[in-house]
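# Chain and residue survey
Take a look at the letters that make up each chain.
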Amino acid sequence: MSEQPTTPIPVPTGGADVPRLLVVFGGTFDPPHLGHVELPVRVRDDLERRADCVGGAWLVYVPAYRSPHKSRGPVATDADRVEMLRRSLEGVARACVWTDEIDRGESGGVSFTVDTLTRARDWVAGALGDRAPGMRLLIGADQAIGFHRWRAPREIIRLAPPVVMVRGDVGDADELARRIASCRFWSAAERESWRGSMVTVGRVDVSATLVREALGRADWSEAARWMRPSVVEWIRERGLYRRPE
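Report follows, based on the coordinates. What you see is a predicted model, and the numbers here were worked out from it, not measured in a lab.

## Describing the pattern of salt bridges
Enumeration over the complete set of coordinates arrives at 20 salt bridges. Where Glu83 meets Arg87, a salt bridge forms, and the shortest distance between an N and an O atom there is 2.8 Å. Taken together, the residues Glu83 and Arg87, both in helix H2 (residues 78-88) and 4 residues apart, mark about one turn of the helix. According to the relative accessible area criterion, Glu83 is partly exposed, its value standing at 25%. Residue Glu190 is joined to Arg154 by a salt bridge in which the shortest nitrogen-to-oxygen separation is 2.6 Å. Taken together, the residues span a long stretch of sequence, with Glu190 in helix H9 (residues 188-196) and Arg154 in helix H7 (residues 153-159) at a distance of 36 residues. Through salt bridges that share partners, Arg44, Asp45, Glu48 and Arg94 make up one connected network.

## A few points about the packing of aromatic side chains
This structure, assessed with the given rule, holds 8 aromatic pairs. Relative to Trp194, the ring of Phe147 lies with its centre 5.2 Å away and its plane at 70 degrees, an arrangement referred to as edge-to-face. Taken as a pair, Phe147 in the loop between helix H6 (141-145) and H7 and Trp194 in helix H9 lie far apart in primary sequence, 47 residues in all. On the numbers, 5.6 Å between centres and 65 degrees between planes, the contact of Trp186 with Trp194 is edge-to-face. Note on Trp186: relative accessible area 4%, which makes it buried.

## A closer look at the nonpolar core
Grouped together as the largest cluster of nonpolar side chains are 39 residues, with contacts concentrated most on Val43, Tyr61, Met84, Met227 and Ile235. In terms of residue count, helix H1 (residues 35-51) provides more of this core than any other element does, 5 residues in total. For Ile235, the residues in contact, after removing those within four places along its chain, are Pro31, Met84, Leu215, Trp220, Met227, Leu240 and Tyr241. Within the second largest apolar cluster, 34 residues are counted, among which are Leu137, Ile139, Ile180 and Trp194.

## Considering the side chain of Ser197
Mapped onto the elements of the fold, Ser197 is located in the loop between H9 and helix H10 (208-216). For Ser197, a relative accessible area of 7% translates into the label buried. Here Trp194 takes part through its backbone oxygen, which lies 2.6 Å from a polar atom of the side chain of Ser197. Setting aside anything within four residues of it in sequence, one finds Ser197 in contact with Pro162, Val163, Val164 and Leu176.

## Describing the packing of H2 against helix H12 (residues 229-238)
For any two helices packed against each other, the geometry comes down to the angle between their axes and how far apart the axes lie. Close contact between H2 and H12 brings their axes to 8 Å; oriented N to C, the two are set at 155 degrees. When the interaxial angle is binned, H2 and H12 end up roughly antiparallel. Taking contact as the criterion, the partners of Asp80, Glu83, Met84, Arg87 and Ser88 in H2 are, on H12, Ser230, Val231, Glu233, Trp234, Ile235 and Arg238. Residues of the contact of H2 with H12, tallied by class, amount to 4 nonpolar, 2 polar and 5 charged.

## What about the packing of helix H8 (residues 173-181) against H9?
Running from N to C, H8 and H9 cross one another at 150 degrees; their axes reach a closest spacing of 8 Å. Crossing geometry of H8 relative to H9 is assigned as right-handed. Between H8 and H9, the contacting residues are Ala173, Asp174, Leu176, Ala177, Ile180 and Ala181 on the first element and Arg191, Trp194 and Arg195 on the second.

## Quick notes on unusual backbone geometry
What you tend to see is this: most non-glycine residues have negative phi, and most peptide bonds are trans. Each neighbour pair has its own omega, and for Asp30 with Pro31 the value is 5 degrees, a cis peptide bond. Look at Arg94: it is not a glycine, yet its phi comes out positive at around 55 degrees. A positive phi is found at Ala218, a non-glycine position, where the angle reads about 60 degrees. The residue Ala218 is located in the loop between H10 and helix H11 (220-226) in this model. For Ala218, a relative accessible area of 42% translates into the label partly exposed.

About the criteria used
- Residues numbered from 1 in each chain as written.
- Predicted model: local features only at pLDDT ≥ 70, side-chain atom pairs only at ≥ 80, totals over all residues.
- Heavy atoms only, no water.
- Salt bridge = Lys/Arg side-chain N within 4 Å of Asp/Glu carboxyl O.
- Helix = DSSP H or I, 4+ residues; strand = E, 2+ residues; numbered from the N terminus.
- Buried < 20%, exposed > 50% of the residue type's maximum accessible area, 1.4 Å probe, protein only.
- Phe/Tyr/Trp six-rings, centres within 6.5 Å; stacked < 30°, edge-to-face > 60°.
- Core = buried A, V, L, I, M, F, W, Y, C linked by side-chain atoms within 4.5 Å.
- Contact = heavy atoms within 4.5 Å.
- Polar contact = N/O pair within 3.5 Å; in protein donor to acceptor, adjacent residues only side chain to side chain.
- Axes fitted to C-alpha atoms, helices over the stretch in contact; angles between N-to-C directions.
- Parallel < 35°, antiparallel > 145°, perpendicular 65-115°, else oblique.
- Nonpolar A, V, L, I, M, F, W, Y, C, P; charged D, E, K, R; others polar.
- Left-handed = near helix turned anticlockwise from the far one by under 90°.

Below, the structure written as structure tokens:
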């Protein structure tokens, strides 16, 4: 069986709007909440300022078919997660949903980041040639700590150097460096690179688990604190995350 063709990344491929940087952000988004939108936008804007390319970076959201780091698959269907994510991004400039992991999921079963980034690199090279943008991989501090357990972690870094958001009990670059060092996988130079990868853009204290709990008890007012109204509307209409009577 031939490999699933790469789904085009929905970014401009001509004219002055061709991206200069792609910030790739993967996850199950089950469901997507405001933390999945507000923090990545802050990171993207910070990277644009650092690289002197304001208006030139795109957020590329990649909903996973199935994460290799989770024991169970998503609660919502692939189609529902993509629709909720698209609704979450309505009105957000320079942000798109790339469904390649889901589109090829039937043959692969799980989604490995190194494969996704390789496909992204090859697609932008083919679509944009010498105008192909660089890539950064956006992850949370909790993911950075366990990054050495990902498939081909150094190849991932070569393809798209990580940029790390505050999450959980890792609140700054010093704490990230200390936790990274404790796994004894990375060289001194690599640990220093991890220290420099962290961005300080604040935090949004919400998780998909907490949102699902609110949805499970039909606490719509609590869910609405953390989700776009159009996403809450979709969930109610589809009966998603409802706890059995």
